[in-house]
Every structure is written in structure tokens, then in C-alpha cells.
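Each chain, written out:
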Amino acid sequence: MGFQCGIVGLPNVGKSTIFNALTSAKAEASNYPFCTIDPNTGVVQVPDQRLVEIAKLIPPEKVTPASMVFVDIAGLVKGASQGEGLGNQFLAHIRETQAIAHVVRCFSDPNVIHVDGSVDPARDISVIDTELILADLDTVNRRFSTLQKVAKAGGDKKSISIFHVLERVKKALEEGKPVRSLGLSTEELNLVYDFHLLTAKKMMYIANIDESEMNTPSQNPNYQKLLNLAQIEGSALVPICGKIEAEISELPDNEKNEFLKEMTMSEPGLNRVIREGYYLLGLQTFFTAGPQEVRAWTIQKGLKAPQAAGVIHTDFERGFVKAEVYHFEDLIKYKSEQAIKDAGLLRLEGRDYIVKDGDIVYFRFAV
């Protein structure tokens with residue numbers, strides 16, 4: 001469905017290293033600013049143990065996980081919104097994403113250059129936030145006067161509604177506040193959607209920490225500063241060690257579990273990044289299961305059955321008749337679809353049914 005999460009950060013914070021580990025796309029990652037000029041896009045499989053369990057009980061020819069897209073752009077610097085370091089080009093690459101992951105350096109390494117000479121999460125976040133705010137303000141100002149004239153002249157209702165939201169947005173940006181701090185409703189956000197405002201996007205922080213503090217990030221004072229900032233903002237924070245994640249991503253599958261045990265890790269840290277991105281975007285998973293394929297499908301929370309069917313194929317939505325539904329937990333408990341039927345837990349749902357996370361669905365349709 002094209003759900004995308006952009007990755008931003010200052011140069012040399014480990015952003016491209018983390019992107020490489022996430023996607024195995026091998027973006028250039030070097031110890032000098034602006035080594036990443038063009039955006040790198042990678043499709044990431046969403047880790048979901050439920051898919052494995054379903055395939056054990058309904059053995060298929062193939063298993064297909066859900067996926068989401070990460071977009072890595074070059075490191076931003078002060079002045080990016082005015083084009084410093086090709087910043088305008090870089091910012092344009094993440095306007096189409098639905099959420100932003102901000103990689104913040106918390107590790108200490110004298111051999112890795114920091115563009116400002118020292119590690120300071122609060123300062124680094126401020127630089128990025130300021131550039132995103134200034135870029136949004138420029139976007140708003142370019143259309144503000146035109147919409148203002150239409151609103152004053154009593155123009156069409158939609159333009160007037162857009163202008164009223166834009167007034168609040170402009171005021172917040174001028175005060176140095178991101179659009180997401182306004183708490184705009186879904187309807188209000190939809191009115192200004194075409195502006196693709198960067199600071200309206202949901203944000204999470206990825207703390208790139210030292211290997212020695214991987215299992216005890218709170219001992220890192222830089223991480224603690226970042227945690228305090230994230231808590232004040234109400235933003236998500238995921239601590240990972242980019243170096244370790246890069247090593248894990250290079251290992252063959254049969255060696256990964258052994259390595260994770262040695263590092264006393266239950267799973268790669270990047271699994272948490274992917275799941276947090278999923279959560280940020282308001283996504284959930286339903287499954288289809290049969291002898292040909294067991295597959296995870298990504299949908300927005302709150303989607304009704306016909307729209308969920310449309311994710312598989314537009315004909316499914318157009319000709320939707322009914323959905324046969326049971327839940328993953330039912331399958332785990334009863335071990336087979338027949339046993340679920342015998343227990344009376346397989347349901348026929350209509351157009352108004354809201355698909356739940358973990359539903360296993362068979363869509364009936366006629367076109």
C-alpha cells in the first residue's frame with residue numbers, strides 16, 4: 001500500500017548505517033558529510049511471529065510478510081531549508097512519506113566526525129526541527145496570500161476552511177512549533193494534506209548508542225537527555241546500536257539467533273524500529289491463509305471489510321459480498337479451521353465490519 005517512513009538526521013549520526021541494516025539496500029555510509037546525495041528507498045518486511053505460527057497450522061506453498069517502505073535522505077545541516085548542503089532537494093524526498101524517523105547520535109567515537117564538533121542530542125534535534133519548520137513555513141507562505149484573498153472575498157467553502165486551518169498552522173510555525181503540536185483533527189489535517197507539511201508528520205526518535213551500552217541505554221547520559229526530550233514531546237524513542245545492527249544484517253539466517261544470544265538480545269533492535277513505524281502510521285495486520293499462500297496484509301486501523309478486501313484487489317472491494325472471519329488466537333487455540341468452525345467461531349461479516357488486527361479473513365466477492 002506504499003506506507004512510507006522517512007529517515008532524517010544530521011550527517012554522520014549513523015542514519016545510512018541503520019537504513020542499510022533495515023533494508024540491506026546498501027546505501028553509501030561513509031565518514032564524511034553528504035556522502036548520501038540521492039534518496040535511498042528500501043522495502044522492509046514487518047517481523048510478525050504470527051505469520052510463522054499460522055503457516056505451521058495451515059501449511060502453504062509460500063509465506064508472504066507485510067512490508068513498509070523506508071526512505072533515507074542525506075544528512076541535513078543548519079540552513080537546509082534555504083538549500084544549504086542541497087537541503088531543499090533532500091527535504092523534498094520525504095514530503096510524500098507518512099511518518100519521520102529521526103536518527104540521533106548518542107554514541108561517542110572520536111574517529112567519527114560530528115558536524116558541530118560534539119555530541120549533543122538537544123542541539124542536534126533543534127537543528128533538524130528548525131529546518132523542517134522553516135521549510136513548512138516557506139510552503140505555507142507561498143500559498144497563504146492567495147487563499148487569504150479567496151477567503152476574504154467569500155469564495156468557495158473548501159478554500160475558506162483550508163485558510164482557517166492554515167492561519168493556525170502559520171502562527172504555530174512562526175512561533176517555532178511543529179504542526180503536530182497543534183493537535184489538528186483528521187478532518188483538519190486532510191484539508192492541508194496537499195501542502196505535505198513535514199512537521200505535521202508523526203515522529204519517532206532512533207537513539208544510536210554505544211555497543212557497550214546496548215542493553216543498558218539509560219547509563220548513557222546522551223540517551224537520557226534524548227529520553228527526557230521525547231517524553232516531553234510525547235514522541236516514541238527506540239534505542240539501538242547501529243554498528244551491531246549492521247553486523248546482524250550481514251549474517252546468514254542460521255547464524256543470527258546464535259549471535260543474538262551472545263549479545264543477550266531477544267531480537268534485532270531494528271524489529272522494534274519497524275514495529276514502532278507501524279504503530280506511528282496507525283497500521284495493523286490481517287491475514288489470508290490457504291494451501292497456496294499465507295500472507296500478511298497491511299491496512300489502516302478502523303478500515304471496514306470491503307476496503308480491506310480492496311487492498312488485495314480492487315475487484316474484491318467492488319464486488320464484496322461477505323467476509324469469513326476468525327482470529328489468530330482462535331487458530332492457536334483450536335489448531336485448525338475445521339475445529340474453529342465446529343466451535344462456532346467462524347463468522348460471516350458484512351460491509352460494516354471493522355477488520356481487527358490479527359483477523360484471518362476469506363473474502364467472498366462477485367463481479
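Relevant structure appears above.
I will try to describe carefully the structure that is included in this document. (Residues numbered from 1 in each chain as written. Predicted model: local features only at pLDDT ≥ 70, side-chain atom pairs only at ≥ 80, totals over all residues. Heavy atoms only, no water.)

**Notes on the overall build of the protein chain**
No. 1: When helices and strands are counted, the protein chain shows 14 helices and 12 strands.
No. 2: For the protein chain, the proportion of contacts with a sequence separation of at least 24, taken over those separated by at least 6, is 69%.
No. 3: Surface summary for the protein chain: the accessible area is close to 17,800 Å², and the carbon and sulfur share equals 50%. (Helix = DSSP H or I, 4+ residues; strand = E, 2+ residues; numbered from the N terminus. Contact = heavy atoms within 4.5 Å. Areas by Shrake-Rupley, 256 points an atom, 1.4 Å probe, with all protein chains shown as cover.)

**A closer look at the packing of aromatic side chains**
No. 1: Scanning the model with the defined rule gives 4 aromatic pairs in all.
No. 2: Here the aromatic rings of F144 and F163 are separated by 5.1 Å at their centres, their planes lie at 45°, and the arrangement is tilted. Of this pair, F144 sits in helix α4 (residues 121–152) while F163 sits in helix α5 (residues 157–174), placing them 19 residues apart in sequence.
No. 3: Ring plane angle 90° and centroid distance 5.9 Å describe the contact between F286 and F363, whose orientation is recorded as edge-to-face. Here the residue F286 occupies a position in strand β8 (residues 283–289), and F363 occupies one in strand β12 (residues 359–365), the gap between them amounting to 77 residues. The same class applies to F286 as to F363, namely buried.
No. 4: Clustering of aromatic rings is evident, with ring pairs tying together F286, F320 and F363.
No. 5: The ring of F144 is capped by K170, whose NZ or CZ atom sits 5.1 Å from the centre of that ring. (Phe/Tyr/Trp six-rings, centres within 6.5 Å; stacked < 30°, edge-to-face > 60°. Buried < 20%, exposed > 50% of the residue type's maximum accessible area, 1.4 Å probe, protein only. Lys NZ or Arg CZ within 6 Å of the ring centre and 35° of its normal.)

**So, the sheet that holds strand β7 (residues 236–240)**
No. 1: With mixed pairing, 6 strands are arranged side by side in an open sheet as β2-β4-β1-β5-β6-β7. Every interior strand has two partners, whereas the edge strands, β2 (40–45) and β7, have only one. Going from strand to strand, the sheet's axes swing by 25° on average, the running direction of each strand aside.
No. 2: In this sheet, strand β4 (residues 67–72) lies alongside β2 in antiparallel orientation, the contact comprising 6 bridges. (Pairing = 2+ DSSP bridges. Axes fitted to C-alpha atoms, helices over the stretch in contact; angles between N-to-C directions.)

**With respect to helix α11 (residues 305–312)**
No. 1: Of all the positions in α11, only A305, P306, A308, A309 and G310 are classed as buried.
No. 2: Those residues of α11 that are buried lie in contact with β8, β9 (293–300), α12 (314–318), β10 (320–327) and β12.

**Overview of the pattern of salt bridges**
No. 1: Using the criterion set out here, one finds 19 salt bridges in the structure.
No. 2: Notably, a salt bridge pairs D352 with K304, separated by 3.6 Å at the nearest N-O pair. Highlighted residues: D352 in the loop between β11 (347–349) and β12 and K304 in the loop between β9 and α11, separated in sequence by 48 residues.
No. 3: R364 is the partner of E324 in a salt bridge, and the nearest nitrogen-oxygen pair spans 2.8 Å. Separated by 40 residues along the polypeptide, E324 in strand β10 and R364 in strand β12 bring together distant segments of the chain.
No. 4: Judged by relative accessible area, E324 falls into the buried class, the value being 18%.
No. 5: By sharing partners, the salt bridges in this structure join D48, R50 and D357 into a single network. (Salt bridge = Lys/Arg side-chain N within 4 Å of Asp/Glu carboxyl O.)

**Observations regarding helix α1 (residues 15–23)**
No. 1: Most of α1 sits inside the fold, with 8 of its 9 residues counted as buried.
No. 2: Considered for burial, the residues of α1 that qualify are K15, S16, I18, F19, N20, A21, L22 and T23.
No. 3: S24 sits one or two positions beyond α1 and adopts a positive phi of about 55°.

**Things to note about the side chain of D210**
No. 1: Along the chain, the position of D210 falls in the loop between β6 (202–208) and α7 (221–233).
No. 2: There is no salt bridge for the buried D210, and the closest opposite charge comes from R105, which lies 7.7 Å off by N-O distance.
No. 3: Within the local environment of D210, its side chain forms a polar contact with the backbone nitrogen of S108, the two atoms lying 3.2 Å apart.
No. 4: Contacts of D210, omitting those with residues within four sequence positions, involve C106, F107, S108, N220 and C241. (Lys, Arg positive; Asp, Glu negative; His and termini not counted. Polar contact = N/O pair within 3.5 Å; in protein donor to acceptor, adjacent residues only side chain to side chain.)

**Regarding the environment of E317**
No. 1: In this fold, E317 is placed in helix α12.
No. 2: Along the primary structure E317 and V367 are separated by 50 residues, whereas in three dimensions their C-alpha atoms are 9.7 Å apart.
No. 3: Residues contacting E317, with those up to four places away along its chain left out, are P306, Q307, A309 and G310.

**Thoughts on the packing of helix α8 (residues 242–250) against helix α9 (residues 253–262)**
No. 1: Their axes nearest at 9 Å, the elements α8 and α9 cross at an angle of 150°. With respect to α9, the axis of α8 lies roughly antiparallel. Across the interface between the two elements, I244, E247, I248 and S249 from α8 touch K256, F259 and L260 from α9. (Parallel < 35°, antiparallel > 145°, perpendicular 65-115°, else oblique.)

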